[in-house]
Amino acid sequence: MNRIISSFLLLALVALPGLVAAEVEISSQALIEVEVVNEKGEKEIQQIQATKVLPGTELLFVNSCLNSGEKAADDVAIHNPVPEHMTYVGGSAYGKGTIITFSVDGGQNFASPEKLTVKDAEGKESPAEAKDYTHIRWLLKKLAPGEQGEVGFRARLN
Amino acid sequence: MKTARRNILYGLFLAAVLALGSVGTAAAAPTRAGETISNTATLTYEVGGVNQTPDDPIASNAAVFVVDRLVKPVVTADTGTVTGNNGTTQYLNFKVANHGNDRVDTTGTEETTKFVLTVAEGTLGFTPSVTYEYFNGTDWVAFTSGEVFSIPAAENLATDYLQVRIAGIFGVGANDERATYHLVATVVDEGGTNKLETTTASDTENVIAIDESGSYEGDDAADSVHSASSTFVLQSASLSISKTQIITAGGYGTEGTSYYLPGAIVEYTITLTNSGSTTADSVEVNDVIPDYTTYVSDSLEATASSAAQFIAAAGTDPAKIRVTYASIPGKTGEVSTVRTIKFKVEID
């Protein structure tokens, strides 16, 4: 009997993550800003989904996450590589309540901008610039049930 | 507009690119048209200290867009001003490039952009005889203004361009006269006849032509046209000559005054001035000894001359002095070059 109970508890422990899992989803958008004239005849900037984009254009990438489960999600980490052919726009990453760090080595290591360095062809080390960033990471301590979070950044098409 | 040459020129341009391929440092070209850019974010989290994504992080949808086709004509003048002398041939050098992104893709599909190259005259202070040439990687080849060129988008902005030059044979004219020429590149459609209509950056259907404003009048930004200008400057020698006289001995009254009497010695001073920019070569000055005077032996002085001599009268030829200069340099800065000749005669 004890063996049966132990086995049940073990199974429950193994299955625990699934049983208590907060259902966190993430979606991504690529937006461009265009100037439009509103109903009042005034010019305003509107964000629209990017479909065809010219080199040199700055895009806004928005990642939205939602905890649709019943438990709070802890240590929510969102990773976003800077898309190929694009250059991160310095200082553009945002995310309320998040700790934002960057990588210059393909996402292996992350640090705050002032701690990031790169080496040139001769091996000389220098402070990393926004153009050197390969990945962005947002760390959110907690995402409560039903709570939605948004993080994002801007990058320019090379 | 002529279109017959364009396919040939496409190949020639590539040859030019190859020829120049090792020059300069790489400058990234814009992302190729048609490229699909995709962004996917991933997410991990814990519940109660347990990682909820132990195998793979949760991935977002892919936010996808396509790189639009960009055509960007860029004309640069390598030479601001080019100076030259009468009778010489000088060159105004330009580079014409397509800094767009419609270059040949990886499948070998050729999407080239047609540029009409036009040479327009600017202010012409003098009129050199001009011809137009482009470099095909081996030779300079003549073309006519208004001809259509196929110029694929550059892979390397620093090295991929078509070299064009305006050759000018200088004629006679005043020193420092200028002749300005504009090289104008106009983006045209595949047929090579109609200027490509510029559309806005938010236009997702059409090719976008983006360019800076150029030097040619009316060349605004984003008008499918780009231009640059360069100027020929004519340099010539500009010689002037003047002559003065003074009594140095035997005059009546105070020496140096204007009483000219028999037996008086008169000194002539001839001043040669080159106020041009160019050296005057093989300059010869002849001056006849005036009637009723006699040249004072050995009185001829001519600084920096290559020869100076008194030539006695012979037959009907009167006596004279002759001074030659192998060259008289042009001005230095704003200071003209001066040569002085002096000789004396005695009044009979």
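Everything in this summary refers to the structure shown in the same document. (Residues numbered from 1 in each chain as written. Chains lettered and ligands numbered in written order. Predicted model: local features only at pLDDT ≥ 70, side-chain atom pairs only at ≥ 80, totals over all residues. Heavy atoms only, no water.)

Another aspect to go through is the overall build of chain A. Of the regular secondary structure elements, chain A holds 1 helix and 12 strands. Across chain A, helices and strands are ordered from the amino to the carboxyl terminus as α-β-β-β-β-β-β-β-β-β-β-β-β. Residue burial in chain A is summarised as follows: out of 158 residues, 38% are buried. The contacts of chain A with a sequence gap of at least 6 include a subset with a gap of at least 24, amounting to 73%. Of the accessible surface of chain A, which amounts to about 9,300 Å², a share of 53% is contributed by carbon and sulfur atoms. (Helix = DSSP H or I, 4+ residues; strand = E, 2+ residues; numbered from the N terminus. Buried < 20%, exposed > 50% of the residue type's maximum accessible area, 1.4 Å probe, protein only. Contact = heavy atoms within 4.5 Å. Areas by Shrake-Rupley, 256 points an atom, 1.4 Å probe, with all protein chains shown as cover.)

Turning our eyes to something else, we now look at the packing of aromatic side chains. Across all of its chains, the model carries 16 aromatic pairs over all chains by this definition. With a centroid separation of 6.4 Å and 40° between ring planes, the pair formed by Y88 of chain A and F153 of chain A is classed as tilted. Of this pair, Y88 of chain A sits in strand 6 (residues 86-88) while F153 of chain A sits in strand 12 (residues 148-157), placing them 65 residues apart in sequence. Taken together, a centroid distance of 5.1 Å and an interplanar angle of 75° make the contact between F126 of chain B and F170 of chain B edge-to-face. Of this pair, F126 of chain B sits in the loop between strand 10 (114-124) and strand 11 (129-135) while F170 of chain B is found in the loop between strand 14 (162-169) and strand 15 (178-188), placing the two residues 44 residues apart along the sequence. According to the relative accessible area criterion, F170 of chain B is buried, its value standing at 3%. Above the face of the Y91 of chain B ring, R165 of chain B is positioned so that its terminal group lies 3.9 Å from the ring centre. When the ring centre of Y268 of chain B is taken as origin, the NZ or CZ atom of K243 of chain B, which lies over that ring, is 4.5 Å away. (Phe/Tyr/Trp six-rings, centres within 6.5 Å; stacked < 30°, edge-to-face > 60°. Lys NZ or Arg CZ within 6 Å of the ring centre and 35° of its normal.)

With that settled, consider the interface of chain B and chain A. Chain B puts 36 residues into the contact, and the matching count from chain A is 40 residues. Carbon and sulfur atoms make up 61% of the area that chain B and chain A hide from each other, which totals about 2,900 Å². Linking chain B to chain A there are 1 salt bridge. When the shortest N-O distance is used, the salt bridge between K52 of chain A and D68 of chain B registers 3.5 Å. (Buried area = accessible area lost by both parts, 1.4 Å probe. Salt bridge = Lys/Arg side-chain N within 4 Å of Asp/Glu carboxyl O.)

Strands sit in the order 3(A)-5(B)-1(B) across an open sheet of 3 strands; the sheet is mixed. On the outer flanks of this sheet lie strand 3 (52-53) of chain A together with strand 1 (36-39) of chain B, each paired with one strand and no other. Summarising the sheet, strand 1 of chain B and strand 5 (residues 63-67) of chain B pair through 4 bridges and their orientation is antiparallel. Paired with I37 of chain B across the strands is F65 of chain B, a residue of strand 5 of chain B. (Pairing = 2+ DSSP bridges.)

Residues and elements named next belong to chain B. Spatially, the 5 strands line up as an open sheet ordered 8-17-15-10-13, and their pairing is mixed. Pairing within the sheet leaves two strands with one partner each, and these edge strands are strand 8 (81-85) and strand 13 (147-150). Within this sheet the neighbouring strands show an average axis-to-axis angle of 30°, counted without direction. Bridging between strand 8 and strand 17 (residues 225-235) involves 5 bridges; their strand directions are parallel. Across the sheet, the residue bridging to G84 is L234, located in strand 17. (Axes fitted to C-alpha atoms, helices over the stretch in contact; angles between N-to-C directions.)

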